[in-house]
Amino acid sequence: MQTGKCLSSRAMQRAAACLGTLVLAGSALAQQAATSDLGAVPPAQSLPRVEFVFEARVTLSPATVLGETAMGRRQYIPITGGTVAGPKFKGQVIPGGWDYQLRTAGGCGTISADYFWRAEDGAVIHIINEGMMCPGGEKGERTWLHPRFEAPKGPHEWLTRGSFVASLEPDRPATPPPAGSAPAMGAIRIKFYQIK
């Protein structure tokens, strides 16, 4: 009787070990199958698309330069106003925002603009635009920003919930500045695209 129990126990241990091996092998196969397409380009119909929603022309005061700091060359540019127009939004840029810039030793720089818009219906929208600029890139290279909006509940709430990307371009005056003077930049143009 005792010998039977011992054989039964050994058989159970072998069965458990065999089952454990099968489970591990199955798990490895499942993991291999789950990662076999990792990094493959998704089908075209599942790729995000962008939709142009509006453009802002933002007017600026001359930069206030702090100079070289431990972090890089720091300056800020006061935002004095502007206009927003497009198929999804129309309004005005409220004077009083700031565009903070930091240029690093490598020549690239960061932008962080914090300001407000007033929609045609009177609603006030907060916007933060952040990005990086690297001069001397390929011809036609644009500076891309990552805008975030905070809008009141109601018709403009889609701005808060949406994901956006924006391109920044200087809006230089038609008449160039006199030779030897600093380039004038009284305004910038920012085109906003919603990611769908």
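Please refer to the structure higher up on the page.
Summarised in this report is the structure supplied together with it. Everything numeric in this text was worked out from a predicted model, so none of it was measured.

1. Side note on the nonpolar core
Point 1. Within the largest apolar cluster, 30 residues are counted, with the highest numbers of intra-cluster contacts made by Phe54, Trp117 and Phe192.
Point 2. Of all elements in the fold, only β1 (50-60), β3 (73-85), β5 (109-119), β6 (124-133), β7 (143-150), α2 (157-161), β8 (163-170) and β9 (187-195) reach the threshold of two or more residues within this core.

2. What about the state of the cysteines?
Disulfides are covalent bonds that connect the sulfur atoms of two cysteines.
Point 1. Considering all chains together, one arrives at one disulfide under this definition.
Point 2. Between Cys108 and Cys134 runs a disulfide, and the two sulfur atoms are separated by 1.9 Å. Torsion about the S-S bond of the Cys108 and Cys134 cystine: about 115°, corresponding to right-handed handedness. Residue Cys108 is found in the loop between β4 (91-103) and β5, and its partner Cys134 is found in the loop between β6 and β7; the two are separated by 26 residues along the sequence.
Point 3. Note on Cys108: relative accessible area 21%, which makes it partly exposed.
Point 4. With a relative accessible area of 32%, Cys134 lands in the partly exposed category.

3. A look at the pattern of salt bridges
Point 1. Inspection of the entire model under this criterion finds eight salt bridges.
Point 2. Two residues, Lys196 and Glu51, come together in a salt bridge whose shortest N-O distance is 3.2 Å. One end of the pair, Lys196, is in the segment after β9; the other, Glu51, is in strand β1, with 145 residues separating them in the sequence.
Point 3. The exposure class assigned to Lys196 is partly exposed, which follows from its relative accessible area of 41%.
Point 4. The class of Glu51 is partly exposed, set by a relative accessible area of 23%.
Point 5. Among the salt bridges present, the one from Glu55 reaches Lys191, with a minimum N-O distance of 3.5 Å. Linking Glu55 in strand β1 with Lys191 in strand β9, this pair joins segments that are 136 residues apart in sequence.
Point 6. Relative accessible area serves as the criterion here: at 22%, Lys191 is assigned to the partly exposed category.
Point 7. Salt bridges linked by common partners bring Glu55, Arg57, Glu169, Asp171, Arg189 and Lys191 together as one network.

Definitions and cut-offs
Residues numbered from 1 in each chain as written. Predicted model: local features only at pLDDT ≥ 70, side-chain atom pairs only at ≥ 80, totals over all residues. Heavy atoms only, no water. Core = buried A, V, L, I, M, F, W, Y, C linked by side-chain atoms within 4.5 Å. Buried < 20%, exposed > 50% of the residue type's maximum accessible area, 1.4 Å probe, protein only. Helix = DSSP H or I, 4+ residues; strand = E, 2+ residues; numbered from the N terminus. Disulfide = S-S within 2.5 Å. Salt bridge = Lys/Arg side-chain N within 4 Å of Asp/Glu carboxyl O.

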